[in-house]
Amino acid sequence: MKLGQLNLLSVDNRPNEEQLALVRQGKVGGFLNLTGAAATREAQRVAVTESRLKVPLLLGHDVIHGYRTIFPIPLAEAASWDPEAVEDAARVAGREAAAAGVNWTFAPMVDIARDPRWGRIAEGSGEDPYLGSVMAAARVRGFQGTDLRSPDAVMATAKHFAAYGGAEGGRDYNTVDVSERTLREIYLPPYRAAIAAGAGSVMSAFNEIGGVPSSSSPWLLTQVLRREWGFRGFVVSDWTSVEELRAHGVAASRADAGKLALEAGVDMDMVSRIYVDDLPAVVRAGRIPLPVVNTAVRRVLRGKAALGLFADPYHGSSVERERSVLLAPEHRQLARRVAQEAIVLLKNDGQRLPLSPDARTVAVIGPLADDRAAALGSWPGRGDPQDAVTPLEGIKARAAGGRILYAKGCGITDTAAAGFAEAVALARQAEVALLVLGEAGDMSGEAASRSTLGLPGVQQQLLEAVYATGTPVVLVLMNGRPLALQWAADHVPAILEAWFLGVETGPALASVLFGDVNPSGKLPVTFPRAVGQVPIYYNHTNTGRPPSADKYTSKYVDLPVSPVFPFGHGLSYTTFTFSDLRLGAPRVAPADTLRVSVTVTNTGAREGAEVVQLYVKDEVASVTRPVRALAGFRRVSLRPGESRTLQFRLTPKELGLYDQRMRFVVEPGTFRVFVGGSSVGGLEGEFEVRAQAAR
Ligand code: BGC
C-alpha cells in the first residue's frame, strides 16, 4: 500500500501487536521512539521479511544533543561558536543512535528565537541567522557525514519549518505573524543552510504564519523549499500537525486535513494516521490526483535508499556495536570539551575567578549544585541521569585538598526559605560561596514557556541572603534560556553561564572555576534586563527615533533599552585587543568579494581563546537595515603575548538585502564593518559598493 509508506507511528518502547500487524500489511513507513539495537532489528526484520513489499522502516528519534552521551543543550553548544566541535558532537550523537538502530534524527532544530520566554530556545542556536546557519550546517554534516549509508550516520531533519520560534508572547505553539522580509532575512536562512548541507528531511512546523498553518502551506513547502531552494528530500509533519489543521480551522474533517497537507507538500504524516486511514478513500474518489501520492512516496523511498536500507535494513546496528559505542570514553571526553567551550563568563569583577586552587573552604550552595537530571537539560535522548557528574561532584574532585561544604538552600521551585539558615551558616564559614542556581531541566524545551525570566521559586532570595553574609559570591547559572538577572548583574562580582552541559557538567564547570580551562564561550542570544524588554535582539533596525536623551524617542521610561548582557558577549581570564583592521579595497562592485583582516592579540597573562566577530551595516539602502549584522567569526587560541592576523571575506551573501520587491540584491552605497569580541563596540571601518567596479 503506497500511502502506508507515508505513515509514521510512535511506539511506546516497542511496537505493539497492532502496530506490527500494520507493518505486515505495508501500512507503516517508519516508527519514532523505537530505539535499541534488539528492538529496532526485530521491527525491521518484520518489515523486510513479513510484509509483501519488504520495504525497510525509517526509525526516527529526537537525538537533539546526544543519544546516550549527552552533550550541552544546543543553545549552549552554539555558545561555543565552534562549528567543528558542534559537528563532532553531532557525529558522536549520530554514531551512538545508529548503533542503537536509529537511522533518522529529528534534529537539528534551526528555529531562530528572539524570545526567551519560548522554552524551545534551548534547542536552537539563538537569535542570529548567520550563527544559526553555521551551526545548522555543522550539525547536519555531523549527523549525516559524507555518506548516509555509513553505519555512523543518521539522516538529519531541519525543523520546524518555518519560524516556529516566532510564537507570539513566547507561548509554545502560538500564532506567528512575521513579514516576508523578516521571514527571509532572519528565520529562513538556517533552514536553507541545513538543506544546502544536505539535510535529508525537513519537518513542517505546528504554527501558522500570517494565517496559513505551516503544515498546509504550499508556499512554504513547495514554492520556497522545493522551487526556490531545490530541496530533494522529504517533508515530515510535526507530531499530529496534520490532524491539527482542524483545530487551526482550515480543515473541516480529517480527510480534508490530509488532503491539504499532502497537496501542500507534507510527504509523511507523523502520528495523525490520516494519510493511511483517511486518504485512501479520497484518492479513490479522485479528489487527490495519484501523481501527488506517487511523488510523496518516491521521496520517502529515496530517503530510505539514501540510507542504504534496501541493502542493509539494520544500517550496521547490532547489540554488540551498541554496547561498545554508547558512552565510549572518547565520547565523554568530547562532551567535556564541548561543555568547557560552552560556558560563558558573563561577569568577573576584580578577577574573582578563577578560584585559587588553594581556596581552603568553599561553600557550594543551591538546588542545581547536585541535580543529575537537570544537568542533562531538556530532550536528553536516551541519556541516563546516573551518567551525569554534578557541579558539586566536579568541584569536590577538583578541589581535592580544600574543604567543600554543601547546602541545597532550597528546591528549584520551592516557595519556602526553610533551608536558608543552613546555607547562610555555611557561607559564613567559607572563603567563597559558589551558588549554583537556575531552572530545572524541563523548564525549557517543548511546552515549557515562561512568562517571567527570573530565578524560579525563592532562589533570588537565597542568593540575596548568602550575598548579605559578605562572603564573596560566585554565581553559576544553569538554565535553558536567557534569564533576566539585573540584581545579580549589579551585585554579584562573578557570574558564569553554564546552561545545561550534559554528562560532563561537573568536570567541565570545575575546570573553568579553578582556571584549568580559560572560559571562551560567547552568548548566542541577548540577555534582557527584564522580561518587558522582550523581544530584544542585537540586529534590530534603527527606527526613525533611536533612543536618545530626548523624551520622544524609542525607549522605556523605567529601564534602559540596552540588554544586561549583549549578543556575542563573553569574558576570559585573559584580555584580548584588536588592531590593524584592514579592508582589501575602499570600493567594490556588487558582485565582488571584499577581504577584511584584523589582528587579535592576547594581552593578558594566560592562554585563552577569543571569538573574533565581524559585523556589517549597510548605511543607506532602499529598505531599513539592521544596526549591525554578524557576517563572520573565528575562534582563535592565543598564548600570552601572541598575535594572530585573521582574514574574513565579505561576499554578496553577507552584503545583500531583499529589496522592496523581495529580490536579493547588493545595493550601492556605504557599508560599515565592526570587528571585536562582542556585538557592542569594536574596531570600525568603511567601504563603498559601486555599481561600476572602480578600483
Ligand atoms: C516536537 C518535535 C519532535 C516530535 C517527535 C514534537 O512534539 O515538536 O520537535 O521531533 O515531537 O518527538
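Caption draft 1: Up close: the overall build of the chain. Per the secondary structure count, the chain includes 21 helices and 26 strands. Expected size for 695 residues packed as a compact globule is a radius of gyration near 26 Å; at 26 Å, the chain falls within 12% of this value. In terms of overall dimensions, the chain has C-alpha extents of about 75 × 65 × 45 Å along its principal axes. The buried share of the chain, reckoned over its 695 residues, is 62%. Considering only contacts within the chain whose residues lie at least 6 apart along the sequence, 77% involve residues at least 24 apart. Charged side chains of the chain number 75 positive and 73 negative; the gap between the two group centres comes to 4 Å.

Caption draft 2: Local environment of the site of the ligand. Surveying the vicinity of the ligand reveals 13 residues, the closest of which are Asp 62, Arg 120, Lys 159, His 160 and Asp 238. One of the side-chain nitrogen or oxygen atoms of Arg 120 is found 2.7 Å away from an oxygen atom of the ligand. In the environment of the ligand, an oxygen atom lies 2.8 Å from a nitrogen or oxygen atom belonging to the side chain of Glu 446. Considered on its own, the ligand offers 310 Å² of accessible surface; in the complex 94% of this is hidden by protein.

Caption draft 3: Focus on helix H14 (residues 329-342). When the terminal C-alpha atoms of H14 are compared, their 20 Å separation across 14 residues agrees well with the 20 Å that a helix rising 1.5 Å per residue should span. Buried residues of H14: His 331, Arg 332, Leu 334, Ala 335, Val 338, Ala 339, Gln 340, Glu 341 and Ala 342, and no others.

Caption draft 4: Structural context of helix H16 (residues 391-398). For H16, every residue scored as buried is listed here: Pro 391, Leu 392, Gly 394 and Ile 395. The buried residues of H16 occupy an angular sector of 165° when the element is viewed end-on, so they sit on one face. Those residues of H16 that are buried are in contact with strand S12 (361-365), strand S13 (403-407), strand S14 (432-438), strand S15 (473-478) and helix H20 (505-513).

Caption draft 5: Examining the sheet that holds strand S10 (residues 269-270) more closely. Taken in spatial order, the 5 strands of this open sheet run S4-S3-S2-S1-S10, and their pairing is parallel. Of all the strands in the sheet, just strand S4 (104-105) and S10 have a single pairing partner and so form its edges. Two strands pair when backbone bridges link them, and strand S3 (residues 58-61) and S4 are joined in this way by 2 bridges, in the parallel orientation. Bridge assignment links His 61 to a residue of S4, and that residue is Thr 105.

Caption draft 6: Structural view of the sheet that holds strand S17 (residues 576-583). The sheet built from 3 strands is open, its strands ordered S17-S19-S22 with antiparallel pairing. Two strands bound the open sheet, and with one partner strand each, they are S17 and strand S22 (643-650). Recorded for the sheet is a direction-independent mean angle of 20° between the axes of neighbouring strands. Of the pairings in the sheet, the one linking strand S19 (residues 594-602) to S22 comprises 8 bridges and is antiparallel in character.

Caption draft 7: Quick peek at the pattern of salt bridges. Under the criterion given, the structure shown has 45 salt bridges. Close ionic contact of Arg 45 with Glu 50 constitutes a salt bridge, the shortest N to O distance being 3.2 Å. Overall, the relative accessible area of 31% leaves Arg 45 in the partly exposed class. Between Asp 278 and Arg 254 there is a salt bridge; the shortest N-O distance is 3.1 Å. With Asp 278 in the loop between helix H10 (274-277) and helix H11 (279-284) and Arg 254 in helix H9 (residues 254-264), the pair connects residues that are 24 residues apart, well separated along the chain. Its relative accessible area of 21% is what places Asp 278 among the partly exposed residues. Beyond isolated ion pairs, a larger network of salt bridges with shared partners links Lys 617, Glu 619, Arg 672, Glu 684 and Glu 686.

Caption draft 8: Geometry of the pairing of S3. Because side chains alternate across S3, one face comprises the buried residues Leu 58 and Gly 60, and the other comprises Leu 59 and His 61, equally buried. Looking at chain direction, strand S2 (residues 30-32) and S3 are connected through 3 bridges and run parallel. Opposite Gly 30, over in S3, you have Leu 58 as the bridge partner. Handedness of the crossover joining S2 and S3 through helix H2 (residues 37-50): right-handed.

Caption draft 9: View of the packing of helix H17 (residues 420-429) against helix H18 (residues 459-467). Packing of H17 against H18 brings their axes to within 9 Å, and their N-to-C directions diverge by 35°. Regarding H17 and H18, the two cross each other, and that crossing is right-handed. The segment H17 lies against H18, with Phe 420, Ala 423, Val 424 and Ala 427 engaging Gln 461, Leu 462, Ala 465 and Val 466. The class makeup of the residues in the contact of H17 with H18 is 7 nonpolar, 1 polar and no charged.

Caption draft 10: Local environment of unusual backbone geometry. Cis geometry is adopted by the peptide bond preceding His 160, which originates at Lys 159 and carries an omega value of -5°. Tracing the sequence through the fold places His 160 in strand S5 (residues 157-161). Look at Lys 54: it is not a glycine, yet its phi comes out positive at around 60°. Topologically, Lys 54 is positioned in the loop between H2 and S3. Judged by its relative accessible area of 42%, Lys 54 is partly exposed. Of note in this structure, Gln 351 is not a glycine but carries a positive phi near 45°.

Caption draft 11: Broad picture of the packing of aromatic side chains. For the coordinates displayed, the defined rule picks out 16 aromatic pairs. With a centroid separation of 6.1 Å and 80° between ring planes, the pair formed by Tyr 130 and Phe 633 is classed as edge-to-face. In this pair, Tyr 130 sits in helix H5 (residues 129-144) while Phe 633 sits in strand S21 (residues 629-638), placing the two residues 503 residues apart along the sequence. A centroid spacing of 5.3 Å and a plane angle of 80° characterise the contact between Tyr 467 and Trp 487, whose relative ring orientation is edge-to-face. Highlighted residues: Tyr 467 in helix H18 and Trp 487 in helix H19 (residues 486-491), separated in sequence by 20 residues. Every member of this aromatic cluster is reached through a ring pair, and the members are Trp 81, Tyr 130, Tyr 538, Phe 567, Tyr 615 and Phe 633. Positioned above the aromatic ring of Tyr 314 is the side chain of Arg 41, whose terminal nitrogen or guanidinium carbon lies 4.1 Å from the ring centre. When the ring centre of Tyr 537 is taken as origin, the NZ or CZ atom of Arg 114, which lies over that ring, is 3.5 Å away.

Caption draft 12: Inspection of the nonpolar core at higher detail. In terms of nonpolar packing, the biggest core is built from 85 residues, with Trp 499 and Leu 513 touching the most fellow members. Of all hydrophobic cores here, the second largest spans 76 residues; its members include Leu 3, Leu 32, Ala 163 and Ala 251.

Caption draft 13: Geometry of the environment of Leu 260. Mapping Leu 260 onto the fold places it in helix H9. Expressed as a C-alpha distance, the spacing of Leu 260 and Ala 484, which sit 224 residues apart in the sequence, is 42 Å.

Calculation criteria
- Residues numbered from 1 in each chain as written.
- Predicted model: local features only at pLDDT ≥ 70, side-chain atom pairs only at ≥ 80, totals over all residues.
- Heavy atoms only, no water.
- Helix = DSSP H or I, 4+ residues; strand = E, 2+ residues; numbered from the N terminus.
- Rg over C-alpha atoms; globule rule 2.2 N^0.38 Å.
- Buried < 20%, exposed > 50% of the residue type's maximum accessible area, 1.4 Å probe, protein only.
- Contact = heavy atoms within 4.5 Å.
- Lys, Arg positive; Asp, Glu negative; His and termini not counted.
- Charge placed at Lys NZ, Arg CZ, Asp CG, Glu CD.
- Near = heavy atom within 4 Å.
- Polar contact = N/O pair within 3.5 Å; in protein donor to acceptor, adjacent residues only side chain to side chain.
- Areas by Shrake-Rupley, 256 points an atom, 1.4 Å probe, with all protein chains shown as cover.
- Expected span 1.5 Å × (residues − 1).
- Arc of directions from axis to C-beta.
- Pairing = 2+ DSSP bridges.
- Axes fitted to C-alpha atoms, helices over the stretch in contact; angles between N-to-C directions.
- Salt bridge = Lys/Arg side-chain N within 4 Å of Asp/Glu carboxyl O.
- Right-handed = clockwise from strand over helix to strand, strands pointing away.
- Left-handed = near helix turned anticlockwise from the far one by under 90°.
- Nonpolar A, V, L, I, M, F, W, Y, C, P; charged D, E, K, R; others polar.
- Phe/Tyr/Trp six-rings, centres within 6.5 Å; stacked < 30°, edge-to-face > 60°.
- Lys NZ or Arg CZ within 6 Å of the ring centre and 35° of its normal.
- Core = buried A, V, L, I, M, F, W, Y, C linked by side-chain atoms within 4.5 Å.

Just geometry here; none of it tells us what the structure is for.
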